[in-house]
Amino acid sequence: MKLIAVFGLWVTLLCRAHSNSLDSCQSRCGFGTDSDFSCQCNPSCERFKDCCSDYEELCKVGSTSCKGRCNEKYNSQNKCHCNSKCTQYNNCCSDYADVCNGGESGGGSVITDADIKSVSEALYALDSNRASASHLEIDPQVLISGSQTGSQEDLSSRRFFRFVDEGALFSRPTYEALLALLDNYNRMTGQTEDVSSQEKAEQDIFLRETMSNTELGRELFAFLYTKGVYTSEEEFIYDLKMMWFGLYSRNNGKMDSSGFEHIFAGEIKGGKVSGFHNWIQFYLLEKRGLLNYYSHSFDGPWTTFPDVLGMQFKWDGYFKQVGSAVIGCSPEFDFAIYSLCYIARPGKQCRLSLGGEELIIQTYTWNNSYYGDGKKYIGTAYPATPRT
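Residues numbered from 1 in each chain as written. Predicted model: local features only at pLDDT ≥ 70, side-chain atom pairs only at ≥ 80, totals over all residues. Heavy atoms only, no water.

K.L.:
What is the right way to read the pairing of strand 9 (residues 357–371) from this model?
P.N.:
Side-chain positions along a regular strand alternate between the two faces of the sheet. Here six bridges tie strand 8 (residues 349–354) to strand 9, and the two strands are oriented antiparallel to one another. Residue pairing for strand 9: Leu-352 is matched across the bridge by Leu-359. Counting the residues that bridge the hairpin from strand 8 to strand 9 gives two residues, and of these Gly-355 lies at a positive phi of roughly 60 degrees. As paired strands, strand 9 and strand 10 (residues 375–383) are joined by eight bridges and run antiparallel to one another. Across the sheet, Ile-361 pairs through a bridge with Pro-383, a residue of strand 10. Where strand 9 hands over to strand 10, the hairpin turn is made up of three residues, of which Gly-372 adopts a positive phi near 60 degrees. (Pairing = 2+ DSSP bridges. Helix = DSSP H or I, 4+ residues; strand = E, 2+ residues; numbered from the N terminus.)

K.L.:
Please clarify how the layout of surface pockets should be interpreted in this entry.
P.N.:
Over the atoms, a rolling probe the size of a water molecule traces out where space has been left empty. Volume-wise, the largest pocket comes out at about 370 Å³. Taken together, 19 residues form the lining of the largest pocket, with His-277, Lys-320, Val-322, Thr-380 and Tyr-382 sitting closest to its centre. When residues of the lining of the largest pocket are traced back to their parent elements, those giving at least two are strand 4 (272–274), strand 7 (318–327), strand 9 and strand 10. Broken down by class, the residue content of the lining of the largest pocket amounts to seven nonpolar, nine polar and three charged. (1 Å grid on protein atoms, 1.4 Å probe; cavity = no way out; pocket = protein on both sides within 12 Å on 5 of 7 lines; lining within 4 Å. Points joined across faces, edges and corners; volume = space filled by probe spheres on them. Nonpolar A, V, L, I, M, F, W, Y, C, P; charged D, E, K, R; others polar.)

K.L.:
Just to check I follow, could you spell out the nonpolar core for this structure?
P.N.:
Generally speaking, soluble globular proteins have nonpolar side chains that are buried together. Grouped together as the largest cluster of nonpolar side chains are 83 residues, with contacts concentrated most on Phe-161, Trp-244, Trp-279 and Ile-327. A total of ten residues in this core trace back to one element, the largest contributor, which is helix 14 (residues 331–344). For Trp-279, the contacting residues outside a window of four places in its chain are Leu-136, Phe-161, Val-164, Leu-169, Tyr-175, Ala-325, Val-326, Ile-327, Gly-328 and Cys-329. (Core = buried A, V, L, I, M, F, W, Y, C linked by side-chain atoms within 4.5 Å. Buried < 20%, exposed > 50% of the residue type's maximum accessible area, 1.4 Å probe, protein only. Contact = heavy atoms within 4.5 Å.)

K.L.:
Looking at this structure, I do not really get the packing of aromatic side chains. What am I missing?
P.N.:
A ring pair, where both rings are aromatic, is described by two values, the distance of the centres and the angle of the planes. Summed over all chains, the structure comprises 29 aromatic pairs. Centroid distance Phe-264 to Tyr-338: 6.4 Å. Interplanar angle 85 degrees. Geometry classified as edge-to-face. Of this pair, Phe-264 sits in helix 12 (residues 259–265) while Tyr-338 sits in helix 14, and the two are 74 residues apart along the sequence. Residue Phe-264 shares its accessibility class with Tyr-338, and that shared class is buried. (Phe/Tyr/Trp six-rings, centres within 6.5 Å; stacked < 30°, edge-to-face > 60°.)

K.L.:
Before we go on, may I ask you to explain the packing of helix 9 (residues 197–212) against helix 10 (residues 215–226) in this structure?
P.N.:
When two helices pack together, their arrangement is given by the angle between their axes and by how far apart the axes lie. For the pair helix 9 and helix 10, interaxial distance at closest approach is 5 Å and the crossing angle is 80 degrees. When the axes of helix 9 and helix 10 are compared, the pair comes out roughly perpendicular. Taken together, the residues of helix 10 that come into contact with helix 9 (itself represented by Thr-210, Met-211 and Ser-212) are Gly-217, Arg-218 and Leu-220. A per-class count over the contact of helix 9 with helix 10 returns two nonpolar, three polar and one charged. (Axes fitted to C-alpha atoms, helices over the stretch in contact; angles between N-to-C directions. Parallel < 35°, antiparallel > 145°, perpendicular 65-115°, else oblique.)

K.L.:
I tried to follow the sheet that holds strand 10 on my own but got confused; where do I start?
P.N.:
Sheets are built from strands that pair by backbone hydrogen bonding, the pairs being arranged parallel or antiparallel. Taken together, three strands build an open sheet; the order of strands is 8-9-10 and the sheet is antiparallel. One side of each edge strand has no neighbouring strand; the edge strands of this open sheet are strand 8 and strand 10. Averaged over all neighbouring strand pairs, the angle between strand axes comes to 35 degrees, with direction disregarded. Contacts from helix 11 (residues 233–245) reach strand 9 and strand 10, with the element oriented near 70 degrees to strand 10.

K.L.:
Please explain the state of the cysteines as it appears in this structure.
P.N.:
One covalent bond between the sulfur atoms of two cysteine residues makes up a disulfide. Evaluation of the coordinates by the stated rule reveals four disulfides. Each disulfide pairs two cysteine sulfurs, and for Cys-39 the partner residue is Cys-52, the sulfurs being separated by 1.9 Å. Taking the sign of the torsion about the S-S bond as the criterion, the disulfide between Cys-39 and Cys-52, at about 90 degrees, is right-handed. Here Cys-52 lies in the loop between helix 2 (44–48) and helix 3 (55–59) and Cys-39 lies in the loop between helix 1 (2–19) and helix 2, a separation of 13 residues in the sequence. For the pair Cys-39 and Cys-52, a shared accessibility class is recorded, and that class is buried. Across the disulfide from Cys-80 sits Cys-93; the S-S distance is 1.9 Å. Taking the torsion about the S-S bond as the criterion, the Cys-80 to Cys-93 disulfide, at about 85 degrees, is right-handed. Here Cys-80 is found in the loop between helix 3 and helix 4 (86–89), whereas its partner Cys-93 is found in the loop between helix 4 and helix 5 (96–100), with 13 residues between them in sequence. (Disulfide = S-S within 2.5 Å.)

K.L.:
Got a minute to help me understand helix 11 in this structure?
P.N.:
For an α-helix, 3.6 residues make a turn, and residues three or four places apart therefore share a direction. In a regular helix each residue adds 1.5 Å, so 13 residues correspond to 18 Å; helix 11 covers 18 Å between its end C-alpha atoms and thus fits that length. Looking only at helix 11, the buried set comprises Glu-235, Phe-236, Ile-237, Asp-239, Leu-240, Met-243, Trp-244 and Phe-245. (Expected span 1.5 Å × (residues − 1).)

K.L.:
Sorry if this is basic, but what is going on with the packing of helix 11 against helix 14 here?
P.N.:
Interhelical geometry of helix 11 versus helix 14 gives an angle of 90 degrees and a closest axis separation of 12 Å. If you check the angle between helix 11 and helix 14, you find them roughly perpendicular. On the side of helix 11, the interface is formed by Leu-240, Met-243 and Trp-244, while helix 14 contributes Phe-335, Tyr-338, Ser-339, Tyr-342 and Ile-343. Partitioned by chemical class, the residues of the contact of helix 11 with helix 14 number seven nonpolar, one polar and no charged.

K.L.:
Mind showing me how you'd approach the environment of Tyr-342 here?
P.N.:
Locating Tyr-342 in the fold gives a position in helix 14. Tyr-342 sits in the buried class, given a relative accessible area of 3%. When the C-alpha positions of Tyr-342 and Ala-381 are compared, they lie 7.5 Å apart, and in sequence the two are 39 residues distant. Ignoring anything within four residues of it in the chain, the contact list for Tyr-342 reads Gln-88, Met-243, Thr-363, Tyr-364, Thr-365, Lys-376, Tyr-377 and Ile-378.

The following block contains the structure:
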C-alpha cells in the first residue's frame, strides 16, 4: 500500500511539473503562501527566498503584461493589473483585453462603449420617479456663450425654478432619502466633517432606497454583475458606500469631503463653489433665497425631463462658473449614471445614450487617498457641456 501511495504521489507531482504550475507564477501573482507548490509568488517570497524563477518577470513592479496573470489577486506592488476589476479602477495592463478576454481563463468582461449606451438607455427608461411637465417648470432665461461664463453678471431677473410639485415628488422614498442627506455637510473645505451615527444610517437608507428598492438600481447591479465587476449585491452596495461616502481631505489635511458631498450637496473651496451638480439641491437653496441664478451656457437637446443645463449662479455670495446638472431626473437616476460612469470609465469621459441623445459624463478619481485594496474614491462627476 505504501508503494502504491508513493507511486500515486509521484504521478501527481509529475503531472504538476508537466503543467508547469509547480515552479511557475503563471496566474499566481499575489496569492498567499501555498504549500502545494514548490515556490511562491507573493511579496513574502523575497524575504524567505522561495520565489519561483519567473516571479520577477511576471509579478514584480516592472511587469506590464497580463501574460500568465489573468484573474490574479490584487497586488499593490504591481505596476498594472489583470483581474476583472482593473477596468473599474482604470489600472489594467495595456494587453488586458487581448490576453484575458481572448482565451485565457478567469478574465473579466470589458465594458464597451456600446454596453454603456445600452444600459444607460435601460436606466433612462426605468426612471419612473423622474419629474414630468406637471411636476416641474423651469425658466432658463438668458443663454450666454462659453466665453462669457466667468463674467459674474446676473442676466436673469427671475428664479430658475418656476414651480416644483414637492408634494408629488418629495414624498417618494428616494427623494426623501436624498433630502435627509443634503443637510449633513459643512460646505467649507478645510473643516473636518463630523459624521454621526444617524447620518451613517441615512447613507444606508439612501443606498437601499435608490439601488436595492428600485428597478433602476437593480438594473444597474445586474449589468455590473454580468460584467464581473461585483459578485453579490452586498459587495455592490458596500463599494458604493465607500466610493461615494468615504471621507478624504481636499484642504489642510482635514477629512472634509466625499464624492457625495462634492457632487450632490456642493462645497466651497478657494472662495468658489466646487462641485454642486444636483438639481434638487439647487432648487432648495434657490427657494430659501441662498442661491441666485445668473444665466445658462448650455441647454441639452431633450424636450422633456430629464434635461441637462450648464448654469451660472452665486451660492450665498460664492460663484459657480458652470454648474451642470441633469434637471428633473430622480435621485436614483442621478446616482446611477454617475456610479456607472465612475465604475466603467474612471477619470475619463463616459458616453451615455438617453432617449437616443448622447450625454457625456466626465469623472475624476481622487488619487491622494484610498480605500480597500487601493480603490479610489470619487473625486467628481458631472455632465460635460460644450464651452462654446
